[in-house]
Amino acid sequence: MLTKPEGAILDLDIAVPRHYVTHENLAIARGVEPEKYHAGLGCWEMSVCGPGEDVVTLAAGAAWRLLQRHPHLREKIGLCVVGTESGVDGAKPTAIYVHQLVNLPSTCRVFEIKHACYGATAALQMAQAWACMRPDRYALVIAADVARYKRYSSGEPTQGAGAVAMLVGQAQDQPVCLTLSDVSGTHAEEVYDFWRPNYQAAALVKGKFSVECYLKSLLAAHDDFYRQMGKSASLDAMDYALYHVPFPHMARKAHVHLLSHKGIVQEEEALADYQRRVKLSLWANRRVGNIYSASLYLALAGLWEREADTWSKKQVSLFSYGSGSCSEYFTACGGTRRPAFHLKTLLDQRVEVDVATYEALSDHALLMEQNDSIHSETIRGMVPFVFVGIRDHERTYEQQTVAEKEPVTVVAAPAGMGIHRELAPLAALGSSFCDR
Ligand code: COA
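Residues numbered from 1 in each chain as written. Predicted model: local features only at pLDDT ≥ 70, side-chain atom pairs only at ≥ 80, totals over all residues. Heavy atoms only, no water.

Participant: Requested: an account of unusual backbone geometry, with residues and values cited.
Facilitator: Across the junction of G324 and S325, the peptide omega takes the value 10°, indicating a cis bond. Of note, S325 is situated in the loop between β12 (315-322) and β13 (326-334). Its identity is not glycine, yet A116 carries a phi of approximately 40°, on the positive side. As for its placement among the helices and strands, A116 is situated in the loop between β5 (109-113) and α5 (119-132). Of the residues examined, A116 reaches a relative accessible area of 11% and is grouped as buried. Unlike most non-glycine residues, Y292 shows phi in positive territory, near 40°. Within the fold, Y292 resides in the loop between α9 (283-288) and α10 (295-306). Note on Y292: relative accessible area 2%, which makes it buried. (Helix = DSSP H or I, 4+ residues; strand = E, 2+ residues; numbered from the N terminus. Buried < 20%, exposed > 50% of the residue type's maximum accessible area, 1.4 Å probe, protein only.)

Laid out in structure tokens, this is it:
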């Protein structure tokens, strides 16, 4: 009897910008109690893109790190999709820059998907179906975003930047990270909860309304999933529940809301369940911030790294929400591959900056988007590619040596921007996951 092919995330890797600012410092600078960001939102550190870093360098950086481990598969990649809402061009897709930078075959299908924080999930679902029809080909799905809200707005502490690259193929005969279910529940509805008009660099958001839209979509997509699966399937069978994480406490809200929908209304019981099945996945999100379409997959990476010893056969549910809106609820099963990306070390190696430097770095990054000029100064970073500027309306990227463990970076800035300042020393390498 022929067995039905199953699609899987075979392996994944992550890229983050070189700098971060702490929420403690951000709160003090904004006149807010740090506890609001820590206890109220669950945020501790926020990744900040500086000059030379953009969605392309992050996406290509994550893909490069992943392919370093699988050089023999590069020639077999037939699909490269980037899910992002931070595209750098109205027509040219982020994915074609990645295709060139990581040297993918010319026989590859290449494109970008945009739907707020949902784009990468649409890409993953499509890649899974594509891979199931092609036993000897692989897909590269990259979730990458730079989350920008207006300075001093309530969205500001929920910014972040990063990328997660996933290698997708058939599960048979090889170790995988996650085998994906071929059933998923979906919910779509036109709403204005979060959007970014073409004339704006920063997103607009109706914060409280976006939380309501997220929770409503969660129940609708969840119910659609279990309607298709029949009564035998149940949330109780899940060892872990992963959620889209615009800020870590959103995942807690989501889980408690879902449990209440399933009849668990005692707060104590719901919070104990959250501690057991959700909280373990949030440590990296607390340290990176919102990375829109990559947030759910960062939570997956964090959970996989943390639970690597007992990962095989674990049942995982995933909920993806994209404002605007579309959402999807699906399940997956842990495989026997062990993670090889050391996310915690990657985060520990970033450089902390103060609030004034965070502002200067992001201003300079935006300035590079608006000027038709090349910045020839060396920018060292944690990803192997650097955006050096725009000439004749064409973006230029260069490869660089990955300078991990360097304590200080010197950022080239136009005169008078006040960006040259002493940066904080390399954060001490901690030994535990961030469970605050
Ligand atoms: N100590 C502890 N907790 C505190 C606190 C303090 N001193 N001050 C406030 N809080 C808590 C609040 O009670 C609230 O918790 P709750 O949601 O469980 O009630 C939380 O901190 C946030 O406070 P709130 O007043 O709601 O914050 P805000 O008005 O600044 O907005 C967001 C929060 C999330 C709406 C805002 O950051 C935002 O718009 N983010 C971008 C959009 C987004 O991420 N949407 C999510 C769905 S996609």
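Participant: So, the packing of aromatic side chains: which residues are in play, and what are the values?
Facilitator: All chains considered together, the criterion is met by 13 aromatic pairs. Residues F225 and Y226 carry aromatic rings whose centres are separated by 4.9 Å and whose planes lie at 85° to one another, so their mutual orientation is edge-to-face. Owing to a relative accessible area of 11%, Y226 belongs among the buried residues under this scheme. Pairing F387 with Y397 gives two aromatic rings, centres 5.4 Å apart and planes at 40°, and the pair type is tilted. Taken together, the residues span a long stretch of sequence, with F387 in strand β15 (residues 385-391) and Y397 in strand β16 (residues 394-399) at a distance of ten residues. Taking NZ or CZ as reference, R30 lies 4.0 Å from the ring centre of Y152, over its face. Cation over ring: R151 sits above Y358, and NZ or CZ is 5.8 Å from the ring centre. (Phe/Tyr/Trp six-rings, centres within 6.5 Å; stacked < 30°, edge-to-face > 60°. Lys NZ or Arg CZ within 6 Å of the ring centre and 35° of its normal.)

Participant: So, the pattern of salt bridges: which residues are in play, and what are the values?
Facilitator: The final tally for this structure, using the stated rule, is 19 salt bridges. Across the pair R151 and D363 runs a salt bridge whose closest N-O atoms are separated by 2.9 Å. Of this pair, R151 sits in the loop between β6 (138-147) and β7 (160-170) while D363 sits in helix α12 (residues 355-370), and the two are 212 residues apart along the sequence. Judged by its relative accessible area of 30%, R151 is partly exposed. When the shortest N-O distance is used, the salt bridge between E369 and R395 registers 2.8 Å. Pair noted here: E369 is in helix α12 and R395 is in strand β16, with a separation of 26 residues, a long-range link. Counted as one network, the salt bridges with shared partners bring together E45, R287, K344, D348 and R350. (Salt bridge = Lys/Arg side-chain N within 4 Å of Asp/Glu carboxyl O.)

Participant: Report on the site of the ligand, specifying residues and quantitative values.
Facilitator: Around the ligand, 18 residues are found, and the nearest of them are K36, S154, K208, S210 and K253. With respect to the ligand, the side chain of E33 contributes an N or O atom lying 3.1 Å from a nitrogen atom. Separating a nitrogen atom of the ligand from a side-chain N or O atom of S210 is a distance of 2.8 Å. Here the ligand has 960 Å² of accessible area as a free molecule, and 69% of this is covered by the chains. Elements supplying a minimum of two residues to the shell around the ligand: α2 (34-41) and α6 (207-229). Looking at which element gives the most residues to the shell around the ligand, the answer is α2, with five residues. (Near = heavy atom within 4 Å. Polar contact = N/O pair within 3.5 Å; in protein donor to acceptor, adjacent residues only side chain to side chain. Areas by Shrake-Rupley, 256 points an atom, 1.4 Å probe, with all protein chains shown as cover.)

Participant: Quick rundown of the sheet that holds strand β3 (residues 45-48)? Include the residues and the values.
Facilitator: The three strands lie next to each other as β3-β2-β14, forming an open sheet whose pairing is mixed. Edge positions in the open sheet fall to β3 and β14 (351-352), since each of these has one partner strand only. Inspection of the sheet shows strand β2 (residues 19-22) paired to β3 by four bridges, in the antiparallel sense. Across the sheet, V21 pairs through a bridge with M46, a residue of β3. Where helix α1 (residues 23-30) meets the sheet, its contacts fall on β2, β3 and β14, and the angle it forms with β2 comes to roughly 60°. (Pairing = 2+ DSSP bridges. Contact = heavy atoms within 4.5 Å. Axes fitted to C-alpha atoms, helices over the stretch in contact; angles between N-to-C directions.)

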